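Here are the chains, one letter per residue:
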Amino acid sequence: MDDRHLYVQYGTDGRRMARELLTAADAKTLIPANASIAIKPNLVVAKPANSGATTHPEIVAGIIDYLRENGFNDITIIESSWVGDNTRRAFEVAGYTELSRRMNVPIYDLKSDSSMAVAVESEEISLCRRAVEADFLINVPVLKGHCQTVMTCAMKNLKGIIPDREKRRFHTMGLDKPIALLNKAFRPGLTLVDAICGDLNFEEGGNPVPMNRLILGADSVLIDSYGASLLGLAPEEVRYIIHGEKLGVGKRFTGKELIEINRPADGQDRAFRPTRAVQGLARCVKADQACSACYGSLIHALNRLDEMGMLSRLREPIHIGQGYQGKTDNGIGIGRCCSGFAQGLGGCPPNARAILDFLLTKV
Ligand code: SF4
């Protein structure tokens, strides 16, 4: 596995997907022998993963399976929720206390940890010791929208390894630059992104959008710029990515780095009940057996269109899904399955940025 590749796997079984993705990428080649390994999920608030706020515990279980299979047994789970929330409650509510018991892996609340200052550029950043002193950190963020930084994924998830007083200071500094500096000061060994059902707009969840995929990489700028495209954003719209690139944290996604382990298959997330916000965005969609990876991308693109004030200008329904395979139509169709549509966008699945650019030609 090298820095310049991103591995993507589609599906809904987080435990199996995580294990298979790490195996396919041969992730063990990056981990030093006998390393102590800290896994850092996103438990920003005390909510379950299906809210779109937190990392699915089964993904962490799949990481632990893979590590143990490859002889790595010194494993801990570390996290500190946002200021004002209780990490121990978050561990409990999100299923990590139970996971810790079942898999015999200790969990640590970094709010109780001591800290150390690390010099970076002309700043000093305070980091929790457990994160710094682990030989190898696996970052497991959720890809989701964010009301201040537009999105959150690999780079911003590292805010969970700094003390609360440092989190408060980051907000006074405007978030984007300190997040980039934090990523310059501390580089995770690997990042495995939970993009199963991140929230549409808020890091605290409430409007989950199924995207049903995991993303694995080692370059946080590459990961986050790819993640931005999945949310219908250009990297320039996410300032911490640009700051990070300027500081040499990594290089942005160009389209050549992607290795897809499988293709979206079934895609029907039958258990999913769209929230009112998602239903509102979907009112102009005619879906027929759409894969969640495709449908979720369309919802994020429609959300961006709405933010631009142009959603109401869409006059025609948007077709999407495997039910349109082999059919011809004069209307708008999204994805390879709608290749018979006169106004069609290819891709399987197309990302939200490509869908947004396409829809902007229709409004
Ligand atoms: S193009 Fe078709 S098969 Fe591919 S992700 Fe979309 S709905 Fe699924």
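Residues numbered from 1 in each chain as written. Predicted model: local features only at pLDDT ≥ 70, side-chain atom pairs only at ≥ 80, totals over all residues. Heavy atoms only, no water.

Engineer: How do you make sense of the sheet that holds strand β15 (residues 329–334) when you look at a structure like this?
Structural biologist: Strands pair in a sheet through their backbones, by hydrogen bonds, and they do so in one of two ways: parallel or antiparallel. Here four strands make up an open sheet; going across it, the order is β13-β14-β15-β16 and the pairing parallel. Each edge of the open sheet is held by one strand with a lone partner, namely β13 (285–287) and β16 (341–345). Averaged over neighbouring strand pairs, the angle between their axes works out to 30° when direction is ignored. Two strands pair when backbone bridges link them, and strand β14 (residues 318–320) and β15 are joined in this way by three bridges, in the parallel orientation. The residue of β15 that forms the bridge with I318 is I332. Strands β13, β14 and β15 of the sheet are contacted by helix α12 (residues 292–307), whose axis makes an angle of about 155° with β14. Set on the sheet, helix α13 (residues 352–360) makes contact with β14, β15 and β16; between it and β16 the angle comes to about 140°. (Pairing = 2+ DSSP bridges. Helix = DSSP H or I, 4+ residues; strand = E, 2+ residues; numbered from the N terminus. Axes fitted to C-alpha atoms, helices over the stretch in contact; angles between N-to-C directions. Contact = heavy atoms within 4.5 Å.)

Engineer: Would you mind going over the site of the ligand with me for this structure?
Structural biologist: Surveying the vicinity of the ligand reveals the residues P264, C291, C294, G321, Q322, G335, R336, C337, G347, C348 and P349. Partitioning the shell around the ligand into residue classes produces six nonpolar, four polar and one charged. (Near = heavy atom within 4 Å. Nonpolar A, V, L, I, M, F, W, Y, C, P; charged D, E, K, R; others polar.)

Engineer: Hey, could you run me through the sheet that holds strand β12 (residues 258–260) in this one?
Structural biologist: With mixed pairing, the eight strands of this open sheet are ordered in space as β4-β3-β2-β7-β10-β11-β1-β12. Every interior strand has two partners, whereas the edge strands, β4 (107–109) and β12, have only one. The sheet shows a mean angle of 20° between the axes of neighbouring strands, direction not considered. Where strand β3 (residues 75–79) meets β4, three bridges bridge the pair, whose relative direction is parallel. Looking across to β4, one finds that I78 is bridged to Y108. Along the sheet face, helix α1 (residues 14–24) touches β1 (6–10), β10 (190–195) and β11 (213–217) and points at about 30° away from the line of β11. Across the sheet, helix α9 (residues 220–230) lies against β1, β10, β11 and β12, angled at about 155° from β11, the strand it touches most.

Engineer: Help me out: how do you make sense of the packing of aromatic side chains in this one?
Structural biologist: Summed over all chains, the structure comprises two aromatic pairs. Ring geometry for Y324 against F341: centres 5.6 Å apart, planes inclined by 90°, an arrangement best described as edge-to-face. Of this pair, Y324 sits in the loop between β14 and β15 while F341 sits in strand β16; the two residues are 17 residues apart in sequence, bridging distant segments of the chain. Classification of F341 as buried rests on a relative accessible area of 6%. The residue whose ring lies beneath R130 is Y108, and the NZ or CZ to ring-centre distance is 3.4 Å. (Phe/Tyr/Trp six-rings, centres within 6.5 Å; stacked < 30°, edge-to-face > 60°. Buried < 20%, exposed > 50% of the residue type's maximum accessible area, 1.4 Å probe, protein only. Lys NZ or Arg CZ within 6 Å of the ring centre and 35° of its normal.)

Engineer: Help me understand the pattern of salt bridges, please; the structure alone is not making it clear to me.
Structural biologist: Pairing between side chains becomes possible if they bear opposite charge and their charged atoms approach one another. By the definition in use, this model includes 23 salt bridges. Across the pair E69 and R19 runs a salt bridge whose closest N-O atoms are separated by 2.5 Å. Here the residue E69 occupies a position in helix α2 (residues 57–69), and R19 occupies one in helix α1, the gap between them amounting to 50 residues. When its relative accessible area of 47% is taken as the criterion, E69 is described as partly exposed. On the basis of relative accessible area, R19 is assigned to the partly exposed category, the value being 31%. (Salt bridge = Lys/Arg side-chain N within 4 Å of Asp/Glu carboxyl O.)

Engineer: Would you explain the packing of helix α8 (residues 176–185) against helix α10 (residues 239–246) in this entry?
Structural biologist: To characterise two packed helices, one gives the angle between the axes of the helices and the distance between these axes. Where α8 meets α10, the axes come as close as 8 Å, and the angle between the chain directions of the two elements is 45°. Considering the angle they form, α8 stands oblique to α10. Of the two elements, α8 crosses α10, and the hand of that crossing is right-handed. Here D176, K177, I179 and A180 of α8 lie close against α10, whose contacting residues are R239, Y240, H243 and G244. When the residues that make up the contact of α8 with α10 are grouped by side-chain class, the tally is three nonpolar, two polar and three charged. (Parallel < 35°, antiparallel > 145°, perpendicular 65-115°, else oblique. Left-handed = near helix turned anticlockwise from the far one by under 90°.)

Engineer: Sorry, what's going on with unusual backbone geometry here?
Structural biologist: Negative phi values dominate among residues other than glycine, just as trans dominates among peptide bonds. Omega for the peptide link from C348 to P349 comes to -5°, which places this bond in the cis form. By the secondary structure assignment, P349 is in the loop between β16 and α13. Positive phi, normally seen in glycine, also occurs at D26, with a value near 50°. Mapping D26 onto the fold places it in the loop between α1 and β2 (37–41). The backbone of N104 sits at a positive phi, close to 55°, despite the residue not being glycine. With respect to the helices and strands, the residue N104 is situated in the loop between α4 (96–103) and β4.

Engineer: Please clarify how α9 should be interpreted in this entry.
Structural biologist: A large share of α9 lies buried, amounting to 11 of its 11 residues. Of the residues that open α9, the one with a side-chain oxygen 2.9 Å from the backbone nitrogen of V221 is D219. Trailing α9 by a residue or two, G232 shows a phi angle of about 80°, which is positive. (Polar contact = N/O pair within 3.5 Å; in protein donor to acceptor, adjacent residues only side chain to side chain.)

Engineer: What is the right way to look at the packing of α1 against α2 in this model?
Structural biologist: Running from amino to carboxyl end, α1 crosses α2 at an angle of 40°, the nearest separation of the two axes being 7 Å. One way to sum up the angle between α1 and α2 is to call them oblique. Classified by chirality, the crossing of α2 by α1 is right-handed. Side by side, α1 and α2 meet where G14, R15, A18, R19, L22 and T23 of the first sit next to E58, I59, A61, G62, I63, D65, Y66 and E69 of the second.

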